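# Close look at the chain arrangement
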Amino acid sequence: MQTLNLDTFTAEGREIEQCWVQPPLLHCRKRCTKLKECLYLNHTCCWTFCGNICLDNEEPFKSMLNPRLQGAHH
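Residues numbered from 1 in each chain as written. Predicted model: local features only at pLDDT ≥ 70, side-chain atom pairs only at ≥ 80, totals over all residues. Heavy atoms only, no water.

### Some points on the state of the cysteines
One pass over the full model with this rule turns up 4 disulfides. Covalently, Cys-19 is tied to Cys-46 through a disulfide, its sulfur atoms 2.0 Å apart. Between Cys-19 and Cys-46 the disulfide shows an S-S torsion of about 90 degrees. By sign, it is right-handed. Highlighted residues: Cys-19 in the loop between strand S3 (14-17) and strand S4 (43-48) and Cys-46 in strand S4, separated in sequence by 27 residues. Between Cys-38 and Cys-54 runs a disulfide, and the two sulfur atoms are separated by 2.3 Å. (Disulfide = S-S within 2.5 Å. Helix = DSSP H or I, 4+ residues; strand = E, 2+ residues; numbered from the N terminus.)

### Digging into the packing of aromatic side chains
Here a ring pair, both rings aromatic, is described through the centre-centre distance and the interplanar angle of the planes. Taken as a whole and assessed by the stated rule, the structure comprises 0 aromatic pairs. The positively charged end of Lys-30 is found above the aromatic ring belonging to Tyr-40, 5.2 Å away from the centroid. (Phe/Tyr/Trp six-rings, centres within 6.5 Å; stacked < 30°, edge-to-face > 60°. Lys NZ or Arg CZ within 6 Å of the ring centre and 35° of its normal.)

### Points about the environment of Gly-51
For Gly-51, the position within the fold is in strand S5 (residues 51-56). Given the relative accessible area of 25%, Gly-51 is considered partly exposed. A sequence separation of 33 residues divides Gly-51 from Gln-18, and the C-alpha atoms of the two residues are 9.9 Å apart. Gly-51 has contacts with Arg-31 and Cys-46, leaving out every residue within four places of it along the chain. (Buried < 20%, exposed > 50% of the residue type's maximum accessible area, 1.4 Å probe, protein only. Contact = heavy atoms within 4.5 Å.)

### As for the pairing of S5
Where burial is concerned, most of S5 is hidden: 5 out of the 6 residues are buried. Looking at chain direction, S4 and S5 are connected through 6 bridges and run antiparallel. Bridge assignment links Thr-48 to a residue of S5, and that residue is Gly-51. Between S4 and the antiparallel strand that follows it, S5, lie 2 residues. (Pairing = 2+ DSSP bridges.)

Encoded structure:
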């Protein structure tokens, strides 16, 4: 059972925090596993407008340094 607690979801005993940035749309393809984990190195499972995604721990810095990524969410 999932509950909404301000900026944290609890799903099957594991908390998922809201992503710390609004990621570009292309990040929505990197989905968390059913256990709310990431198969990508240096990524964290968090929730955003497109569901639970694996967001690079270096965001938003990578998107800010690459203007092509910034325009991808429009």
